[in-house]
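Close look at the chain arrangement
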Amino acid sequence: MIKFLLIILTAGFSLQQILAMNNEEIERMEVKRFGLLDDGRTVKVYTLKNKIGNSIEILDLGGIIKSINVADHNGEFSDIALGFNNPQQYLTDSPYMGALIGRYANRIAKGKFTIDEVEYSLPVNNFENTLHGGIIGFDKRIWESSASTVDNEAQLELSLISKDGDQGYPGTISTIVTYRFDDQNKLTITYLATTDKTTVINLTNHTYFNLDGHNSGSILDHEVMINASHYTPVDNTLIPTGEIAAVKGTPMDFQTSKPIGRDISIDDPQLSFGLGFDHNWVLNKSDENTINLAATVYSPKTGKFINVYTDQPGIQFYTGNFLDGSIKGKNGTFYNHRNAFCLETQHFPNSPNQHNFPTTELRPGEQYKTTTIFEFGIKK
Ligand code: GLA
């Protein structure tokens, strides 16, 4: 208890705040100083714990999931999320590892879109396109954070105000993202946002998973099911062509679980544009707002699996094709080509310019609210 008090006092909590935490909160939630950024700002790390001994570390910087510590079929724990030991690396070296992405996850063609006949320009940061919210996206901001325990779950609430014109987007938006971790090993992420001017929004989380452990090499033997009969083919800059294409008979068919490596090297224009899988699947949905199973990934080696559930219309499945061994991650690990995969629940890329895609516009008076659940388990 005394150790915990010291930890949270050094993290900037007042004695009153600490005394207000009940025992349940103390067991399920820990907060520490993760470190300093080069400009002197402090980054905090929260540990969300559950009763079965699993834990998830999340930063107030970018809402970044820094680690996910879960047991395998032999009861051995490993960390299945790629990341860094030093907070500054998340600003300078990171391809969005673990981060919350906003205002617009994925690409907007040529960094331009029009709302109510006004054209907006965004900074271009991925060839000729804007990727993941621009140069200083939500992944690079320190969010306001507050920890608690609600309904026997550790809960971390993160909030951020992004001003009108931030990275070129219209409207001041107010965003709240909540992470909750329960005793069934479900991490629920709820995204809320409101605006004072019509804008576009598409929020996601960009965790790089390797179910065998962040330092375990290739993910090509992981088996993936994506609950989607269609996907959005892309051009050579990874902007959707606008077509909603059937996956049947193509390497994009994950309707029945298959190893990632089975079709990834097929000579196929879509795979060569993405250097592997880096596409948006159109999720099969019973109706617009229900939370359905979107994808399952299973590692035969450790028996670990992840189920992803969401109310979003799409999911970007990315197989770490741009990892090239040049970044030094946690505990000195160099992350190589296809050492991780991402499952980014989202609206379709470039929706602001594709009027046949579900809308990403958010108007004053409306509330953007979406939920994604990552469930971690072991098949025995
Ligand atoms: C997303 C994109 C990829 C890549 C990664 C980050 O998944 O679709 O093309 O940019 O983010 O490296």
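Residues numbered from 1 in each chain as written. Predicted model: local features only at pLDDT ≥ 70, side-chain atom pairs only at ≥ 80, totals over all residues. Heavy atoms only, no water.

Notes on the side chain of His 214
Secondary-structure assignment places His 214 in the loop between β16 (204–206) and β17 (223–226). Within the structure, His 214 has its side chain in polar contact with the side chain of Tyr 335 (distance 2.7 Å). When near neighbours in sequence (up to four residues on either side) are disregarded, His 214 contacts Asp 79, Ile 80, Ala 81, Leu 82, Lys 330, Asn 331, Thr 333 and Tyr 335. (Helix = DSSP H or I, 4+ residues; strand = E, 2+ residues; numbered from the N terminus. Polar contact = N/O pair within 3.5 Å; in protein donor to acceptor, adjacent residues only side chain to side chain. Contact = heavy atoms within 4.5 Å.)

What about the site of the ligand?
Taken together, the neighbourhood of the ligand is formed by 13 residues, with Arg 107, His 132, His 206, Asp 278 and Glu 344 sitting nearest. For the ligand, an oxygen atom lies 2.6 Å from a polar atom in the side chain of Arg 107. Within the side chain of Glu 344, one N or O atom sits 2.7 Å away from an oxygen atom of the ligand. Here the ligand, which alone exposes 300 Å², has 95% of that area covered by the protein. Here the shell around the ligand is built from residues that sort into seven nonpolar, three polar and three charged. (Near = heavy atom within 4 Å. Areas by Shrake-Rupley, 256 points an atom, 1.4 Å probe, with all protein chains shown as cover. Nonpolar A, V, L, I, M, F, W, Y, C, P; charged D, E, K, R; others polar.)

As for the sheet that holds strand β29 (residues 368–378)
Sheet strands pair by backbone hydrogen bonding; their relative direction is either parallel or antiparallel. Taken in spatial order, the nine strands of this open sheet run β11-β12-β13-β14-β29-β23-β22-β17-β20, and their pairing is antiparallel. Strands with a single pairing partner mark the edges of an open sheet, and in this sheet they are β11 (144–150) and β20 (258–259). Pairing of strand β14 (residues 186–195) with β29, which is carried by eight bridges, proceeds in the antiparallel orientation. Bridging across to β29, Lys 186 finds its partner in Glu 375. (Pairing = 2+ DSSP bridges.)

Quick notes on the environment of Gly 134
Note that Gly 134 resides in the loop between β10 (130–131) and β11. The sequence separation of Gly 134 and Arg 103 amounts to 31 residues, and the corresponding C-alpha distance is 8.3 Å. Those residues in contact with Gly 134 that lie beyond four places of it in its chain are Pro 123, Asn 125 and Gln 167.

As for the pairing of strand β24 (residues 314–318)
Along β24, five of the five residues are buried, which leaves the element largely enclosed by surrounding structure. What you see with β24 is no split at all: Gly 314, Gln 316 and Tyr 318 on one side and Ile 315 and Phe 317 on the other are buried throughout. Direction of pairing for strand β21 (residues 278–282) relative to β24: antiparallel, over a ladder of five bridges. Bridge assignment links Trp 281 to a residue of β24, and that residue is Ile 315. (Buried < 20%, exposed > 50% of the residue type's maximum accessible area, 1.4 Å probe, protein only.)

As for the nonpolar core
In this structure, Tyr 179, Ile 226, Trp 281, Phe 317 and Phe 376 are the most contacted members of the largest nonpolar core, which totals 59 residues. Residue contacts for Phe 376: discarding those within four places in its chain leaves Ile 56, Ile 68, Val 70, Ile 80, Phe 181, Gln 184, Asn 185, Leu 187, Phe 209, Phe 305 and Ile 306. Leu 59, Met 97, Tyr 335 and Ala 340 belong to the second-largest nonpolar core, a separate cluster that totals 23 residues. (Core = buried A, V, L, I, M, F, W, Y, C linked by side-chain atoms within 4.5 Å.)

As far as function goes, none of this settles anything; it's purely spatial.
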